[in-house]
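Results of the structural survey
Here is what each chain is made of, one letter per residue.
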Amino acid sequence: QAKTLGRARYSYFHSELNSRLQANLELEQELAYAIGHDQLVLHYQPQVSAKTGEMVAVEALVRWQHPTRGLLYPAQFIGLAEESGRIAEMGVWTLREACRQLADWSARGIHIGNMAVNVSALEFRDHRLLDSLQAALDASGIPPQRLEIEITESVLMAETETSQRIIERLRQIGVGIAIDDFGTGYSSLAYLKRLRPNQLKIDRSFVNDTATDSDSRAIVKGVVGLAEALSLNVVAEGVETEEQRAFLQDIGCHTLQGYWIAKPLTVEALEQWLLNRRT
Ligand code: C2E
Ligand code: MG
Ligand code: MG
Ligand code: MG
């Protein structure tokens, strides 16, 4: 009896594991196809000056328009792309597309400011990142200064020689470097001195709590002060309420990003948003 039950349970787990693996394998193969077949799309979220409200940049955020599953968000496929080794390929596409779009807006006289692109820690282990970045800049003709690479502290934590060299080269090329989700990693602050990023992006978990939690207010204020002292630009991400916006403006945070300003938008929706704002 027990034996049969055990076997039944085993095969139950076994088949569940199998079908999960199967689903992942399927998605993984579909992702490989998606990258080359126009199924990835970038949405763009505005970043505005806290003082003037003027748009200073957009952040490119990848989505996957899946033929049967609908619009998928990074949480649903970035991990898979990393595990299956597709992330580099995806990164090449993203850099190229973001630069192309920025050049297109420029050519049409639409003022967008800078373009921020997320690059995953895994891509920093690979020197080919630099080649694809240079190729994206060359193909689009946009000045390197208008491109900002967003990295998380995990890149700095892992700091291999390769990632260190890549960051140095990025600085030489002239692209900006932003530390994403600042304050959530386990890295030491020493890298701020060595690396001299251009920008800190305060993680939205801190921003979110500013209305209710005085510790979060103190942390956000502290990061703004730190950025100020080091002459770095500071962005608050995840601004969702007028109260948060007012607080951030009050303490001198430079740049705001979040649903209160705008959600990530398609190209058409962003252009419409800009038009509506002007009137
Ligand atoms: P992130 O770089 O920290 O991007 C901010 C995320 O917060 C985005 O989620 C954005 O839609 C969301 N967000 C913005 N404002 C608000 C707000 O006011 N409230 C809330 N609750 N959320 C807000 P998304 O687009 O799902 O992206 C998630 C993460 O996936 C990104 O976090 C980034 O780490 C990664 N990611 C996105 N696009 C790319 C990409 O092209 N390449 C790589 N390697 N990673 C990407
Ligand atoms: Mg980001
Ligand atoms: Mg972030
Ligand atoms: Mg984040």
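This text follows the structure it describes.
Residues numbered from 1 in each chain as written. Chains lettered and ligands numbered in written order. Predicted model: local features only at pLDDT ≥ 70, side-chain atom pairs only at ≥ 80, totals over all residues. Heavy atoms only, no water.

**With respect to the nonpolar core**
- Ranked by size, the top nonpolar core spans 79 residues in total, and within it M115, F124 and L147 carry the most contacts.
- Ranked by residue count, the leading element in this core is helix α3 (residues 87-107), at 9 residues.
- If near-sequence neighbours (up to four positions away) are discounted, L147 is found in contact with L95, C99, M115, V117, L133, L137, V175 and G176. (Core = buried A, V, L, I, M, F, W, Y, C linked by side-chain atoms within 4.5 Å. Buried < 20%, exposed > 50% of the residue type's maximum accessible area, 1.4 Å probe, protein only. Helix = DSSP H or I, 4+ residues; strand = E, 2+ residues; numbered from the N terminus. Contact = heavy atoms within 4.5 Å.)

**What about the pairing of strand β7 (residues 199-202)?**
- Here β7 shows no split at all, with Q199 and K201 on one side and L200 and I202 on the other all buried.
- Relative to β7, strand β6 (residues 176-182) runs parallel, the two sharing 3 bridges. Note on β7: the bridge partner recorded for I179 is L200.
- Between the parallel pair β6 and β7, the chain is carried across by helix α7 (residues 190-195), and the sense of this crossover is right-handed.
- Note: β7 against strand β8 (residues 233-236), 4 bridges, orientation parallel. Residue pairing for β8: I202 is matched across the bridge by A236. (Pairing = 2+ DSSP bridges. Right-handed = clockwise from strand over helix to strand, strands pointing away.)

**Topic: the coordination of the magnesium ion (ligand 2)**
- Within the protein, E59 (OE), N118 (OD1), E150 (OE) and D180 (OD) serve as the donor atoms for the magnesium ion (ligand 2), at 2.0 to 2.2 Å.
- A relative accessible area of 5% means that E59 is categorised as buried.
- Its relative accessible area of 30% is what places N118 among the partly exposed residues. (Donors = N, O, S within 2.8 Å, 3.2 Å for Na, K, Ca; no water.)

**Here we look at unusual backbone geometry**
- Phi is positive for D38, close to 60 degrees, though the residue is something other than glycine.
- Within the secondary structure layout, D38 lies in the loop between α1 (2-36) and β1 (40-49).
- For D38, a relative accessible area of 70% puts it in the exposed group.

**Quick word on helix α11 (residues 267-278)**
- The terminal C-alpha atoms of α11 lie 17 Å apart, and with 12 residues this matches the ideal 16 Å at 1.5 Å per residue to within 8%.
- Along α11, the residues that are buried comprise V267, L270, E271, W273 and L274. Taken around the axis of α11, the buried residues stretch over an arc of 155 degrees, which confines them to a single face.
- Where α11 is buried, its residues contact β1, β2 (55-66) and α3. (Expected span 1.5 Å × (residues − 1). Arc of directions from axis to C-beta.)

**Looking at the environment of Y186**
- Mapping Y186 onto the fold places it in the loop between β6 and α7.
- Using a relative accessible area of 76% as the deciding quantity, one classes Y186 as exposed.
- Sequence separation of Y186 and V58 is 128 residues, and the distance between their C-alpha atoms is 27 Å.

**Examining the site of ligand 1**
- In the vicinity of ligand 1 lie 21 residues, with R63, N118, D180, E240 and Y259 positioned nearest.
- Contact between ligand 1 and S120: a nitrogen atom at 3.4 Å from a main-chain N or O atom of the residue.
- At 2.9 Å from an oxygen atom of ligand 1 is found a side-chain nitrogen or oxygen belonging to R204.
- Relative to its unbound accessible area of 800 Å², ligand 1 is 83% covered by the protein chains.
- Only β2, α2 (74-83) and β6 provide two or more residues apiece to the shell around ligand 1.
- When residues in the shell around ligand 1 are grouped by element, the largest group, 4 residues, is from β2.
- Grouping the amino acids of the shell around ligand 1 by side-chain chemistry returns 7 nonpolar, 6 polar and 8 charged. (Near = heavy atom within 4 Å. Polar contact = N/O pair within 3.5 Å; in protein donor to acceptor, adjacent residues only side chain to side chain. Areas by Shrake-Rupley, 256 points an atom, 1.4 Å probe, with all protein chains shown as cover. Nonpolar A, V, L, I, M, F, W, Y, C, P; charged D, E, K, R; others polar.)

**A closer look at the packing of aromatic side chains**
- Counted by the stated rule, this structure contains 2 aromatic pairs.
- When the ring of Y44 is compared with that of W105, the centres are 5.1 Å apart and the planes differ by 75 degrees; the resulting orientation is edge-to-face. Taken as a pair, Y44 in strand β1 and W105 in helix α3 lie far apart in primary sequence, 61 residues in all. For the pair Y44 and W105, a shared accessibility class is recorded, and that class is buried.
- Aromatic pair W64 and F77: ring centres 5.7 Å apart, planes at 85 degrees, arrangement edge-to-face. Here W64 is found in strand β2, whereas its partner F77 is found in helix α2, with 13 residues between them in sequence.
- By relative accessible area, F77 is classed as buried at 0%.
- When the ring centre of Y259 is taken as origin, the NZ or CZ atom of K263, which lies over that ring, is 4.8 Å away. (Phe/Tyr/Trp six-rings, centres within 6.5 Å; stacked < 30°, edge-to-face > 60°. Lys NZ or Arg CZ within 6 Å of the ring centre and 35° of its normal.)

Interpretation in functional terms is not warranted from these geometric data alone.
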